[in-house]
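Here is what each chain is made of, one letter per residue.
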Amino acid sequence: QVQLVESGGGLVQPGGSLRLSCAASGSIFSTNAMGWYRQAPGKQRELVASITSRGNTNYADSVKGRFTISRDNAKNTVYLQMNSLKPEDTAVYYCNADLMDYMLRRADYWGQGTQVTVSP
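Residues numbered from 1 in each chain as written. Predicted model: local features only at pLDDT ≥ 70, side-chain atom pairs only at ≥ 80, totals over all residues. Heavy atoms only, no water.

Asker: What is the right way to look at the pattern of salt bridges in this model?
Answerer: Here the idea is simple: oppositely charged side chains can pair when their charged atoms come close. All chains considered together, the criterion is met by 6 salt bridges. As a salt-bridge pair, Arg 66 and Asp 89 come within 2.7 Å of each other at their nearest N and O atoms. Separated by 23 residues along the polypeptide, Arg 66 in the loop between β6 (57–59) and β7 (67–72) and Asp 89 in the loop between β8 (77–82) and β9 (91–101) bring together distant segments of the chain. Side by side, Arg 66 and Asp 89 carry an identical accessibility label, which is buried. Between Arg 105 and Asp 101 there is a salt bridge, with the nearest N and O atoms lying 3.0 Å from each other. (Salt bridge = Lys/Arg side-chain N within 4 Å of Asp/Glu carboxyl O. Helix = DSSP H or I, 4+ residues; strand = E, 2+ residues; numbered from the N terminus. Buried < 20%, exposed > 50% of the residue type's maximum accessible area, 1.4 Å probe, protein only.)

Below, the structure is given as structure tokens:
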């Protein structure tokens, strides 16, 4: 059984910063790509940033230059450093991971989501 547990969300003023963390635990054989998605009220879930096991990154245009994704492979943890936050970044942020378990079954896993609110 695999679990993704997120932390680090909260309320921040425009221009502020937050750091999200997501730790994968359980019967993990290997971790492939990991990423962060977000969903604002009334909108579809969208990719924010992703990172491969080798460290190659991809960002949504709306967050380029402000957000940085990183990972610690030894800890099966992915981070999202969010700087210069804007009200339009307000959303529930979800961690995603492409994992293989000890039975060599590969699947997508999701965290429970963490709320990020950017407001004066």
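Next comes the rest of the description.
Asker: Before we go on, may I ask you to explain the nonpolar core in this structure?
Answerer: Nonpolar side chains in soluble globular proteins tend to end up buried together. In this structure, Trp 36, Leu 80, Met 82 and Tyr 93 are the most contacted members of the largest nonpolar core, which totals 30 residues. The set of elements that each furnish at least two residues to this core consists of β1 (2–7), β3 (18–26), β4 (28–39), β5 (46–51), β7, β8, β9 and β11 (114–118). For this core, the element with the most residues is β9, which contributes 5 residues. Here Met 82 is in contact with Gly 16, Ser 17, Leu 18, Leu 20, Arg 66, Phe 67, Tyr 93 and Val 116, once residues within four sequence places are set aside. (Core = buried A, V, L, I, M, F, W, Y, C linked by side-chain atoms within 4.5 Å. Contact = heavy atoms within 4.5 Å.)

Asker: Even after reading the chapter, I still don't get the environment of Trp 36, so can you show me in this structure?
Answerer: Along the polypeptide, Trp 36 turns up in strand β4. Sequence separation of Trp 36 and Val 48 is 12 residues, and the distance between their C-alpha atoms is 5.5 Å.

Asker: Can you help me understand the state of the cysteines in this one?
Answerer: Among covalent bonds in proteins, the disulfide is the one between the sulfur atoms of two cysteines. Throughout the structure, instances matching the rule amount to 1 disulfide. With a sulfur-sulfur separation of 2.1 Å, Cys 22 is cross-linked through a disulfide to Cys 95. With the S-S dihedral at roughly -80°, the linkage between Cys 22 and Cys 95 falls on the left-handed side. With Cys 22 in strand β3 and Cys 95 in strand β9, this residue pair connects regions lying 73 residues apart in the sequence. With respect to class, Cys 22 is no different from Cys 95; both count as buried. (Disulfide = S-S within 2.5 Å.)

Asker: I keep staring at the side chain of Arg 38 and nothing clicks. Help me out?
Answerer: Its location among the elements puts Arg 38 in strand β4. Taking the relative accessible area as the measure of exposure, Arg 38 reaches 6% and is therefore buried. Polar side-chain contacts of Arg 38 include one of 3.3 Å to the side chain of Ser 62. Among the polar contacts made by the side chain of Arg 38, one reaches the side chain of Tyr 93 at a distance of 2.9 Å. Look past the residues within four positions of Arg 38 in its chain and what remains in contact with it is Gln 44, Arg 45, Glu 46, Val 48, Ser 62, Val 63, Phe 67, Glu 88, Asp 89, Ala 91, Val 92 and Tyr 93. (Polar contact = N/O pair within 3.5 Å; in protein donor to acceptor, adjacent residues only side chain to side chain.)

Asker: Any chance you could explain the environment of Ser 25 here in plain terms?
Answerer: By the element assignment, Ser 25 lies in strand β3. Given the relative accessible area of 36%, Ser 25 is considered partly exposed. Taking the C-alpha atoms as reference points, Ser 25 and Gln 1, 24 residues apart in sequence, are found 8.3 Å from one another. Discounting residues that sit within four places of it in the chain, Ser 25 has contacts with Gln 1, Val 2 and Gln 3.

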